[in-house]
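The chain contents come next:
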Amino acid sequence: MISFIAYDSSSKNHSTQGYVEDGTPETRWNLTANHNINAWRFLARINYYDEWFDNEAGATFDDEFVVDLEAAYMINENIEVTVGGRNVFDEKGCKTDSCGGLAATELGLPYSQFTPWGFNGAFYYGRVTFNFNYPQARLSASTQGDADQRISIRPNATKTPL
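My aim in this report is to walk through the structure given alongside it, one point at a time.

Conventions adopted
- Residues numbered from 1 in each chain as written.
- Predicted model: local features only at pLDDT ≥ 70, side-chain atom pairs only at ≥ 80, totals over all residues.
- Heavy atoms only, no water.
- Salt bridge = Lys/Arg side-chain N within 4 Å of Asp/Glu carboxyl O.
- Helix = DSSP H or I, 4+ residues; strand = E, 2+ residues; numbered from the N terminus.
- Buried < 20%, exposed > 50% of the residue type's maximum accessible area, 1.4 Å probe, protein only.
- Patch = residues over 30% accessible without salt bridge, like charges linked within 9 Å, V, L, I, M, F, W, Y side chains within 5 Å.
- Areas by Shrake-Rupley, 256 points an atom, 1.4 Å probe, with all protein chains shown as cover.
- Lys, Arg positive; Asp, Glu negative; His and termini not counted.
- Charge placed at Lys NZ, Arg CZ, Asp CG, Glu CD.
- Phe/Tyr/Trp six-rings, centres within 6.5 Å; stacked < 30°, edge-to-face > 60°.

1. Thoughts on the pattern of salt bridges
One pass over the full model with this rule turns up four salt bridges. Put simply, Glu70 and Arg41 hold a salt bridge, and the shortest N to O gap is 2.9 Å. Of the two residues, Glu70 is situated in strand β5 (residues 64–74) and Arg41 in strand β2 (residues 40–49); the sequence distance between them amounts to 29 residues. Taken individually, Glu70 and Arg41 each receive the classification buried, so the pair is uniform in this respect. The partner of Arg45 in a salt bridge is Asp68, with the nearest N and O atoms 3.6 Å apart. You can see Arg45 sitting in strand β2 and its partner Asp68 sitting in strand β5, a full 23 residues away along the chain. Under the relative-accessibility criterion, Arg45 is labelled partly exposed at 25%. Since its relative accessible area comes to 9%, Asp68 is described here as buried.

This is how it looks when you write it as structure tokens:
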């Protein structure tokens, strides 16, 4: 079941299609630079989200730029260490008190839950990738954010069979 809070705005479409269209930024783009130099790899990404509408807060929220950064070092042919962050400048957007039509205490969140880049702010991570030279497997262990740990085996198309 989907429920929506009614709002008083003659410029917005009150249908379900209108909620989706108004709640999605009209313009969204990113610019990514990836650079390799010797054993180092660097990535920088700038994401832009146009203004968007939150039907629960009953208002249009401002556009925003969000920056992601990553650096990796290849220790040897089999081990790579990576550190990075998404939304490194901790952009959370406009607070519902100042942009929205309702106070944050009424909605339960200081920021809109529908923000296109997430309302949790910055996310930092570290990753160590081990390649055991198996022709079809790559083992990757990473620690992300609040010490979530993950080990995954995935195909490795860059190695030739033995």
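2. Some remarks on a negative patch on the surface
A contiguous patch of negative charge, built from Glu26, Glu51, Asp62 and Asp63, is present on the exposed surface. Relative to the helices and strands, Glu26 is located in the loop between α1 (16–23) and β1 (28–37). Residue class for Glu26 comes out exposed when judged on its relative accessible area of 74%.

3. A short note on the packing of aromatic side chains
Two numbers describe a pair of aromatic rings. These are the distance of the centres and the angle of the planes. Scanning the entire structure with this criterion turns up nine aromatic pairs. Considering the side-chain rings of Trp29 and Phe65, the 5.9 Å spacing of their centres and the 70° angle between planes classify their relative orientation as edge-to-face. One end of the pair, Trp29, is in strand β1; the other, Phe65, is in strand β5, and 36 residues separate them in sequence. Note on Phe65: relative accessible area 45%, which makes it partly exposed. Pairing Trp52 with Phe61 gives two aromatic rings, centres 4.8 Å apart and planes at 10°, and the pair type is stacked. Each member of the pair Trp52 and Phe61 is classed as buried. Here the aromatic cluster, defined as three or more aromatic residues joined through ring pairs, consists of Trp29, Tyr48 and Phe65.

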